[in-house]
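Okay, here's what each chain looks like letter by letter:
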Amino acid sequence: MKANAVVALVVGLALGFTLGSMVGPFGEKTPAHAEIKKVDGKRTDFGQQPSRSPENKLQPPSQPTQPAPRLPRPAQPIPNTRYKVPVGNSPVLGPMDALVTVVVFSDYQCHFCARLDGTLLQLHQEMAEKGKPFRIVSKHFPLDFHKEARPAAMAALAAGAQGKYWQMHELLFKNMRALDAASLQSYATQLGLNMLKFKASLKNPTFEAQIEADMALGLKMGVRGTPGSFFNGRFVSGARPKEDLEALINEEMLKAQELVSQGTSAAKVYEKILETALEEAPKPEAPKPVIKDNIPIPNNAPSKGPQDAPVTMLIWSDFECPYCSRVVPTLHALAQKYAVQVRFVFRHLPLHFHKNAQKAAEATMAAHAQGKFWEMHDLLFQNQKALDEASLISYAQKLNLDVRKFQEALDRGTYADYVKQDSATASAYSITGTPTFIINGQALSGAQPQAKFEEAIEAALKKPPPQK
């Protein structure tokens, strides 16, 4: 073979490998991360996440390939607007003369708050070691539907009265699923607190007033969900990646150092920066009702309640979504109360970052084919941490299904297209997160209290049903 031909062959192979690495293992090009969408201008209240895009159903190549490279998520710009958020008597971690102050409004039952807390504590240690300390100010913003968040906040403040606020704070986030009264007392014992004082502090009206003041301040500053944080007054919603927050802290530190070089003492930097900050956030416009009439329902969609019920509730859900799991008991209660008036229809919306959600959805449809959808539905939500295929098979055995048929449906992907069509329908009607409910065309998002659902159902019962 001639030298030129050899060179051409090598170049061709190199180009082929390079182009091939830009294609996913199932033949589809790897898309950039989608922009996170919000519902009614908020995301973190109910854990709303971007919807799953339907994938191309192509056969994998016979030879193994390199996994597609993950493209970086586009950084969402952080507004420069500053808000005058006082430190007050809130717990502070870090030196009082730190050049950057991070005020965090959080909820001890919020998973995104726990994620942000871990990131900030890691950065706090790393940057202190580099000689760039910043301080963290903790404010409480317990959400109404997190029933144990407020008692947990009281426990943190009660521990703070004995000098152990941050130790309790860390324990609460590490044990988010165990925040009942007995657990709170066990954490106090673990920290060596005076238990008589701790128990008395759990009903301290001063601490209750402090939590109320924190929430009022948060609302005034534009916090509508958790976590909401302010970096030298600049508002950041949600749990951003570590690199984003580190870059923001470094940016603010440079600005603060400039003030120090001009004669402002380090202890007065935060006060100086906020001199021109806004006293409160602009009030958001009242959201307009979201109407989504005439959404098509597949003939074999899992449902409970009369087919001709005056109210139809479409339930878009994901079996790995913790907020979807949290609302299941509420839906059971509603199904009992409105057994005749409401038809409940389940729709699938497995989110792309929940790796077992698609197959779990297919498993419920395989169970549905044997008349056991709702039983499988309940089992999966009770076992969200175990949704691998072996676990799905074990649940089929527990429900006395024909396991051979069930496994065959999973192996062949019999219901994969059905699930993806549900997701496509959701996308067509701008339903982008879970859980989402459509009650006679009226959208309701998130793990709302039962009273909210009842209010929407009662309103629907008073109106003529939508045209079908």
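That block above? That's the structure.
Just so it is clear, the structure is predicted and the values come from calculations on it, not from any experiment.

**Observations regarding the packing of helix H3 (residues 149-160) against helix H4 (residues 165-174)**
Link 1 in the chain: Here H3 crosses H4 at 150°, and the two axes come no closer than 7 Å. Viewed along their axes, H3 and H4 adopt a mutual orientation that is roughly antiparallel. Judged by residue contacts, Ala152, Ala155, Ala156, Leu157, Ala159 and Gly160 of H3 engage Tyr165, Met168 and Leu172 from H4.
Link 2 in the chain: For the contact of H3 with H4, the residue count by class is eight nonpolar, one polar and no charged.

**Structural notes on the side chain of His146**
Link 1 in the chain: Position of His146 among the secondary structure elements: in the loop between strand S3 (135-140) and H3.
Link 2 in the chain: By relative accessible area, which is 3% here, His146 ends up buried.
Link 3 in the chain: Residues in contact with His146, not counting those within four places in the same chain, are Asp107, Gln109, Cys110, Tyr323 and Arg326.

**Some thoughts on helix H16 (residues 450-461)**
Link 1 in the chain: The end-to-end C-alpha distance of H16, which contains 12 residues, comes to 16 Å, matching closely the 16 Å that a straight helix rising 1.5 Å per residue would cover.
Link 2 in the chain: For H16, every residue scored as buried is listed here: Phe453, Glu454, Ala456, Ile457 and Ala460. Seen along its axis, H16 keeps its buried residues to an arc of 165°; they face one direction. Along H16, the residues that are exposed and aim more than 90 degrees away from the buried face are Ala451 and Glu455.
Link 3 in the chain: Residues of H16 that are buried in the fold lie against strand S7 (311-317), helix H10 (322-337), strand S8 (342-348), strand S9 (436-439) and strand S10 (442-445).

**Things to note about the packing of aromatic side chains**
Link 1 in the chain: One pass over the structure, following the stated rule, counts 13 aromatic pairs.
Link 2 in the chain: With a centroid separation of 6.1 Å and 80° between ring planes, the pair formed by Tyr83 and Phe230 is classed as edge-to-face. Of the two residues, Tyr83 is situated in the loop between helix H1 (3-20) and strand S1 (92-93) and Phe230 in strand S4 (residues 228-231); the sequence distance between them amounts to 147 residues. Across the pair, Phe230 and Tyr83 agree in class, each one buried.
Link 3 in the chain: Aromatic side chains Phe373 and Trp374 sit 4.9 Å apart centroid to centroid with 90° between the ring planes, which places their arrangement in the edge-to-face category. Residues Phe373 and Trp374 agree in their burial class; the two are buried.
Link 4 in the chain: Taken together, the ring pairs in this structure connect Tyr83, Phe105, Phe141, Phe230 and Phe235 into an aromatic cluster.
Link 5 in the chain: Stacked on the ring of Trp374, the Lys or Arg Lys304 has its end atom at 4.4 Å from the ring centre.

Each value, and the rule that gives it
- Residues numbered from 1 in each chain as written.
- Predicted model: local features only at pLDDT ≥ 70, side-chain atom pairs only at ≥ 80, totals over all residues.
- Heavy atoms only, no water.
- Axes fitted to C-alpha atoms, helices over the stretch in contact; angles between N-to-C directions.
- Helix = DSSP H or I, 4+ residues; strand = E, 2+ residues; numbered from the N terminus.
- Parallel < 35°, antiparallel > 145°, perpendicular 65-115°, else oblique.
- Contact = heavy atoms within 4.5 Å.
- Nonpolar A, V, L, I, M, F, W, Y, C, P; charged D, E, K, R; others polar.
- Buried < 20%, exposed > 50% of the residue type's maximum accessible area, 1.4 Å probe, protein only.
- Expected span 1.5 Å × (residues − 1).
- Arc of directions from axis to C-beta.
- Phe/Tyr/Trp six-rings, centres within 6.5 Å; stacked < 30°, edge-to-face > 60°.
- Lys NZ or Arg CZ within 6 Å of the ring centre and 35° of its normal.

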